[in-house]
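If you want the building blocks of each chain, they are given just below.
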Amino acid sequence: MWQRITTSLQTRSSLTHTHTTAMATLSFNPARIRTSIFRDSKFPSPPKPMAVPNRSKPLHFGARSVSESTQKEASRSREAAVEETEEEDPSAEVSYVDPETDPESITEWELDFCSRPILDARGKKVWELLVCDKTLSLQYTKYFPNNVINSVTLKDAIVAVSDQLAVPLPRNIRFFRSQMQTIITNACNELRIRPIPSKRCVSIILWLEERYETVYKRHPGYQEGSKPLLALDNPFPTELPDILYGERWAFVQLPYSAVREEVSSFEKGVCGSGLDLDLLGLEVDDKTLIPGLAVAASNATALAALINGLEVCAVEADAARARLILSVGISTRYIFSTYKKTPETTSEAEAWEAAKKDSGGLHFLAVQPDLDSEDCVGFFLLLDLPFPPV
């Protein structure tokens with residue numbers, strides 16, 4: 001099944017022998033997502049009813065490739081996006097639902113509630129609520145002054161999103177800032193919504209990057225060089241719980257066509273997670289190789305189910321310390337495995353990380369009964385995104 005980059009490894013011991021393979025390169029092209037801008041809001045103000053306009057406008061996600069040609073394409077796309085929004089008021093708020101999407105199908109939201117690098121008339125940082133779903137069929141923004149930031153304000157704003165856009169309250173809300181966990185959790189609990197702390201908020205993170213370039217930087221209150229008030233955590237990794245250990249693992253790679261097949265097979269099951277590859281705007285040849293980590297365990301099905309509940313967001317090969325790091329939730333990092341450090345294993349780990357970088361951060365974690373098996377009982381497509389600039 002896999003194109004093996006290394007031989008199998010004992011999870012807590014040493015890597016045996018390795019060999020390298022040519023690594024693939026992906027490029028991310030901007031995806032165009034339709035948005036609708038609400039023009040009549042005042043900045044900033046408490047939540048209040050809004051009308052949803054009929055006009056719409058494309059939103060651009062920037063390219064994530066590291067190649068020079070793709071960087072130039074991304075730069076041109078960002079410039080085009082800025083040109084297209086030159087007439088937009090950066091203090092305007094977004095209130096949009098895709099008319100072709102059934103509102104009842106939008107059952108999970110992604111949410112960010114944080115300060116922005118913008119000062120209001122009092123010289124205080126403005127806060128903003130961003131809400132979307134993973135396909136950006138739902139998009140909503142609302143500015144707030146810093147003296148109303150609490151769980152009651154957020155609860156009322158969540159209800160306002162539902163009422164104004166005629167969508168049901170979601171079953172789940174994902175968020176990625178640990179500092180806001182108490183406020184978001186309390187607001188969700190009041191509404192019987194399940195809060196999920198997770199960095200698998202790809203859509204809203206990409207949207208934040210987009211808004212930073214096309215909205216916040218253009219705002220008259222923008223503060224150049226302003227640091228995020230709520231910086232994201234990247235804590236030291238801790239020991240992996242015993243129940244999450246596999247027995248063997250290997251660096252592997254799959255053609256992009258096979259990755260899509262695996263995502264399709266598991267995205268509706270209990271032991272797998274995918275990404276909206278169309279939303280990411282990936283233009284990749286089916287034969288392009290995507291790096292991954294295969295883990296084998298005699299209790300593979302149970303292990304896959306446990307991993308499925310962790311909100312896994314990335315796997316990192318720490319070549320300097322000869323270990324693998326598993327990032328889950330918001331701020332949890334586990335030492336997934338260690339191995340004997342040699343020039344060969346260091347080179348292999350660095351090659352795997354380079355392949356991940358070349359693929360724009362796209363990689364996967366697969367769980368199998370045996371590394372030589374054709375069966376895969378868990379498949380998790382991951383995207384190692386940089387922190388948003390706000």
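It should be emphasised that the depicted structure is a prediction, and the values quoted were computed from it without experimental measurement.

## Section: the sheet that holds strand S16 (residues 312-318)
Taken together, the four strands give an open sheet; going across it, the order is S12-S18-S17-S16, and neighbouring strands pair in mixed fashion. Two strands lie at the open edges of the sheet, namely strand S12 (238-239) and S16, each paired on one side alone.

## Digging into helix H7 (residues 300-308)
All of the buried residues along H7 are Ala300, Leu303, Ala304 and Ile307. Taken end-on, H7 shows its buried residues confined to a sector of 100°, consistent with a single buried face. Of the surrounding secondary structure, the elements contacted by the buried residues of H7 are strand S15 (289-296), S16, strand S19 (362-368) and strand S20 (378-383).

## Considerations on the packing of helix H2 (residues 151-165) against helix H3 (residues 181-190)
How two helices pack is summed up by the angle between their axes together with the distance between the axes. For the pair H2 and H3, the least separation of the axes is 8 Å and the interaxial angle reads 50°. One way to sum up the angle between H2 and H3 is to call them oblique. When the axes of H2 and H3 are compared, the crossing they make is right-handed. Across from Ser151, Leu154 and Lys155 in H2, the residues of H3 making contact are Ile183, Ile184, Asn186, Ala187 and Glu190. Per-class residue counts for the contact of H2 with H3 are four nonpolar, two polar and two charged.

## Thoughts on the nonpolar core
Counting 47 residues, the largest nonpolar core has Tyr216, Phe364, Phe379 and Leu381 as the members making the most contacts within it. Here this core gets seven residues from one element, more than from any other, and that element is helix H4 (residues 202-214).

## Considering unusual backbone geometry
Here the phi dihedral of arginine 192 falls at roughly 60°; this positive angle occurs in a residue that is not glycine. The residue arginine 192 is located in the loop between H3 and strand S11 (194-197) in this model. Phi is positive for alanine 322, which is not a glycine, with a value near 55°. You can see alanine 322 is positioned in the loop between S16 and strand S17 (323-328).

## Considerations on the pairing of S16
Taken across its seven residues, S16 has six buried, putting it largely inside the fold. Note that S16 and S17 share six bridges and pair antiparallel. Across the sheet, valine 312 pairs through a bridge with valine 328, a residue of S17. The hairpin formed by S16 and S17 contains four residues between the paired strands, and alanine 322 there has a positive phi angle of roughly 55°.

## Here's the deal with the packing of aromatic side chains
If you walk through the whole model with that rule in mind, you get seven aromatic pairs. Pairwise contacts between aromatic rings join Trp249, Phe251, Tyr339 and Trp352 into one cluster.

## Here's the deal with the pattern of salt bridges
Two side chains that carry opposite charge are able to pair once their charged atoms sit near each other. In this structure the tally under the stated criterion is 15 salt bridges. With a closest N to O distance of 2.7 Å, arginine 174 and glutamate 108 form a salt bridge. Pair noted here: arginine 174 is in strand S10 (residues 172-175) and glutamate 108 is in strand S7 (residues 108-119), with a separation of 66 residues, a long-range link. With a relative accessible area of 16%, arginine 174 lands in the buried category.

## With respect to the environment of valine 148
Within the element layout of this structure, valine 148 appears in the loop between strand S9 (138-144) and H2. Taking the C-alpha atoms as reference points, valine 148 and tryptophan 127, 21 residues apart in sequence, are found 9.4 Å from one another.

## Observations concerning the side chain of serine 337
For serine 337, the location among the structural elements is in strand S18 (residues 332-338). For serine 337, a relative accessible area of 2% puts it in the buried group. There is a polar contact of 2.5 Å between the side chain of serine 337 and the side chain of tryptophan 249.

Calculation notes
Residues numbered from 1 in each chain as written. Predicted model: local features only at pLDDT ≥ 70, side-chain atom pairs only at ≥ 80, totals over all residues. Heavy atoms only, no water. Pairing = 2+ DSSP bridges. Helix = DSSP H or I, 4+ residues; strand = E, 2+ residues; numbered from the N terminus. Buried < 20%, exposed > 50% of the residue type's maximum accessible area, 1.4 Å probe, protein only. Arc of directions from axis to C-beta. Contact = heavy atoms within 4.5 Å. Axes fitted to C-alpha atoms, helices over the stretch in contact; angles between N-to-C directions. Parallel < 35°, antiparallel > 145°, perpendicular 65-115°, else oblique. Left-handed = near helix turned anticlockwise from the far one by under 90°. Nonpolar A, V, L, I, M, F, W, Y, C, P; charged D, E, K, R; others polar. Core = buried A, V, L, I, M, F, W, Y, C linked by side-chain atoms within 4.5 Å. Phe/Tyr/Trp six-rings, centres within 6.5 Å; stacked < 30°, edge-to-face > 60°. Salt bridge = Lys/Arg side-chain N within 4 Å of Asp/Glu carboxyl O. Polar contact = N/O pair within 3.5 Å; in protein donor to acceptor, adjacent residues only side chain to side chain.

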